Amino acid sequence: MRRFSPARSIRLMPKVVIIGGGIAGLSLAAELAGQAEVVVLEREAHPGMHATGRSAALFVENYGNSAIRTLNRASRSGLQPYLKQRGVLFVASAEEQDALDGHLAESAGMVEISVQKALGHFPILNGARFSRAAYEEDASDIDVDALMGQHRRSLRASVGRIATRTEVIALSPSRNGWDVVTADRTYRADIVVNAAGAWADEVAQLAGITPLGLTPLRRSAAILPAPGGHDVSRWPMALSASETWYAKPEAGRLMVSPAEEDPVAPMDAWPDDMVLAEGLDRYAQAVTEPVTRVERSWAGLRTFAPDRTPVLGWGASGFFWCAGQGGYGVQTSPEMARLAAQAILHDSDLPAELDVARFLN
Ligand SMILES: Cc1cc2nc3c(=O)[nH]c(=O)nc-3n(C[C@H](O)[C@H](O)[C@H](O)COP(=O)(O)OP(=O)(O)OC[C@H]3O[C@@H](n4cnc5c(N)ncnc54)[C@H](O)[C@@H]3O)c2cc1C
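Each chain carries its own residue numbering, running from 1 in the direction its sequence is written. Thresholds applied to this predicted model are a pLDDT of at least 70 for local features of residues and 80 or more for the giving and counting of side-chain atom pairs; totals over whole chains, interfaces and linings are not thresholded and use all residues. Based on all heavy atoms of the structure, the side-chain values leave hydrogens and waters out of the count.

Asks: Looking at this model, I keep getting lost on the site of the ligand. Mind explaining?
Replies: It suffices for a single heavy atom of a residue to lie within 4 Å of a molecule or strand for the residue to be listed as near it. Taken together, 38 residues lie near the ligand, and Glu-42, Thr-52, Leu-58, Gly-326 and Gln-331 sit nearest. Each polar contact in these results corresponds to two N or O atoms within 3.5 Å; when the atoms are within protein, one needs to be able to donate a hydrogen and the other to accept it, and residues that are neighboring in sequence are counted only if both atoms are side-chain atoms. Within the backbone of Arg-43, a nitrogen or oxygen atom sits 3.1 Å from a nitrogen atom of the ligand. Separating an oxygen atom of the ligand from a backbone N or O atom of Ala-51 is a distance of 3.1 Å. Secondary structure elements are defined from DSSP: runs of H or I of at least 4 residues count as helices, runs of E of at least 2 residues count as strands, and each element is numbered from the N terminus. Counting only elements with at least two residues in the shell around the ligand, the list comes to α2 (23–32) and β19 (296–304). Residues were grouped as follows: Ala, Val, Leu, Ile, Met, Phe, Trp, Tyr, Cys and Pro as nonpolar; Asp, Glu, Lys and Arg as charged; and all remaining residues, including Gly, as polar. Its residues placed into classes, the shell around the ligand shows 17 nonpolar, 14 polar and seven charged. Note: domain ranges come from an automatic or database domain assignment. A domain-level breakdown of the shell around the ligand finds at least three residues from each of domain 1 (6–52 + 144–212 + 306–359) and domain 2 (88–137 + 215–303).

Structure below.
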C-alpha cells in the first residue's frame, strides 16, 4: 500500500490535502505544519462547525475501549494547556450495579464514593434513586476553541492554509498522487487525508475506495438555566452509570444530554424533539430540581467504525484515513494527529488496533 514512491521520497515537502476542517483535520494539519505543504479543504464557512463544535468538550481518561484509553493517556500532555479540572461523577441505581462495576474494574484513577459524598459534589442529585457512585477527579473541560485556534495559528505560521466554503466533489488518482476537485479549482496532492468526519465514507467513495461502514450516531444536548439558582460552576459532570443521561456545567448553566446513539445519514444534525424530551425526563428523575426551560438545544454526529475504534492508515496509495473518532475525537486528537503524521511523513507503522488494514483483506 501507498507509502512513498521514489519520486515523492526525494521531495522535501510533500503536498498534503486534508479533507475536513474539524479537530481531526486541523490537529493533523498543525502536526504536519513545516514538514509538508498542507491545505485543509472545509466545506463550511468556518472550521469545526460539525461534530467538533457540538461536543461536550470533556477529557475523561477512563472513557472508551482500551485502544481509546491508550490514545487518551497519550493525548493528555498535548491537551494540558487547554484543560480545566472538572471531575466526573458516575451514579448507579439498583439496576446499574453491573455498569458501575464495569467502569470501576476497567478504570485507573476512578474511585467509588458514598452517595452522601456524591451529593456533596452534585447537590441536586436525587439520592434516594442511587445506591452507589464513583468519581474521577482528573476529568477536565477542554477549551476546544482555544485548541482549534492554536492549530490554525500553527498552520498559518508554516506554508499551510485552510480553504473554507470549499467542498471536495471529486477525487481522481494522478501520477504519484491525487487530483482533488472542488467547484473552483483542482488541488494536486501527493497525499490526500480523509478527515471528513461523518462524511468520510462518502469521501472515500469519491475516490473509488471501498467505504468502511462508518456509522454516524446522533447525540443531542440542551442548555438549561442553573437549576434552583445554584452556582453550578464547580460541579462535576454527572452521568448515569449506564450512560442514559449526563449533565455538565456550561457557562453558569447546565448542559444535559439524553446520551442517545441514533444512527442517521451524514447531515447537519438537529435534535429529535421526542428523544430530547425523553432524555430530559430521565435526567429530571435523577435530580431534585425540575426542568423549567430549555434555553437552546443542538445535536451532533459521533461517527463510529464497526469496532468503535478510530481508523488511521492507507486506504490506497496516497490516500490516508483519519476517521471514526466516535465520541472521543477531541480528547484523542493529539495522539491521533501524532501517529498520523508519523505514518504520512516517515511511513511509520500504526498500532494494529487503529490501522485501517484491519478492515482490508
Ligand atoms: C454531543 C456530542 C458530545 C461529544 N462529546 C465529546 C467529548 O466530551 N469529548 C470528546 O473528545 N469528543 C466528544 N464528542 C466527539 C467529537 O466531537 C468528535 O469525535 C470529533 O469532533 C470528530 O472530529 P472530526 O474532525 O472527525 O469531525 P467534524 O468536526 O465533523 O469535521 C469533519 C469536517 O469535514 C467536513 N467535510 C465533510 N465532507 C467534506 C467535503 N466533501 N469537502 C470538504 N469538507 C468536508 C465537514 O464540513 C466537517 O467540518 C462529542 C460529539 C457530540 C456530537
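Asks: Explain the UniProt feature "domain: FAD dependent oxidoreductase" (unreviewed entry) in the chain here, please?
Replies: UniProt positions are given in the numbering used here, feature names are shortened, and annotations may be inferred rather than shown by experiment. Under the present numbering, the feature "domain: FAD dependent oxidoreductase" (unreviewed entry) in UniProt falls on residues 15–342. Taken as a whole, residues 15–342 contains 26% helix and 31% strand, while its terminal C-alpha atoms sit 15 Å from one another.

Asks: What should I look at first to understand the pairing of strand β7 (residues 132–136) in this one?
Replies: The side chains of a regular strand alternate, first on one face of the sheet and then on the other. Classification of residues uses two cut-offs on accessible area relative to the type maximum, computed with a 1.4 Å probe and protein chains only: under 20% is buried, over 50% is exposed, and between them is partly exposed. Of all five residues that make up β7, five are buried, and the element is covered over most of its length. Pairing of strand β5 (residues 88–92) with β7, which is carried by five bridges, proceeds in the antiparallel orientation. Along β7, the bridge assignment pairs Val-91 with Ala-133. Criterion used throughout: strands pair if DSSP finds at least two bridges between them. Two strands pair when backbone bridges link them, and strand β6 (residues 110–113) and β7 are joined in this way by four bridges, in the antiparallel orientation. Following the sheet pairing, Ile-113 is matched in β7 by Ala-133.

Asks: It is not clear to me how the sheet that holds strand β13 (residues 191–194) should be interpreted in this structure. Could you clarify?
Replies: Strands belonging to one sheet form pairs held by backbone hydrogen bonds; the direction of such a pair is parallel or antiparallel. Spatially, β9-β2-β1-β13-β21-β20 is the arrangement adopted by the six strands of the open sheet, whose pairing is mixed. With one partner strand each, in any of the chains shown, β9 (161–163) and β20 (311–316) form the two edges of the open sheet. Each neighbouring strand pair of the sheet contributes to a mean axis angle of 20°, computed without reference to strand direction. As paired elements, strand β2 (residues 37–41) and β9 share three bridges and run parallel to each other. Between the N-to-C directions of two axes lies an angle of 0 to 180 degrees, each axis being a line fitted to C-alpha atoms and, for a helix, fitted only over the stretch in contact.

Asks: Honestly, the sheet that holds strand β8 (residues 140–142) in this entry has me stumped. Any pointers?
Replies: In spatial order, the strands read β3-β8-β4; together these three strands make up an open sheet with antiparallel pairing. The open sheet has two free edges, formed respectively by β3 (58–59) and β4 (83–85), since each of these has just one partner strand. Direction of pairing for β4 relative to β8: antiparallel, over a ladder of three bridges. Of the residues in β8, the one forming a bridge with Gln-85 is Ser-140.

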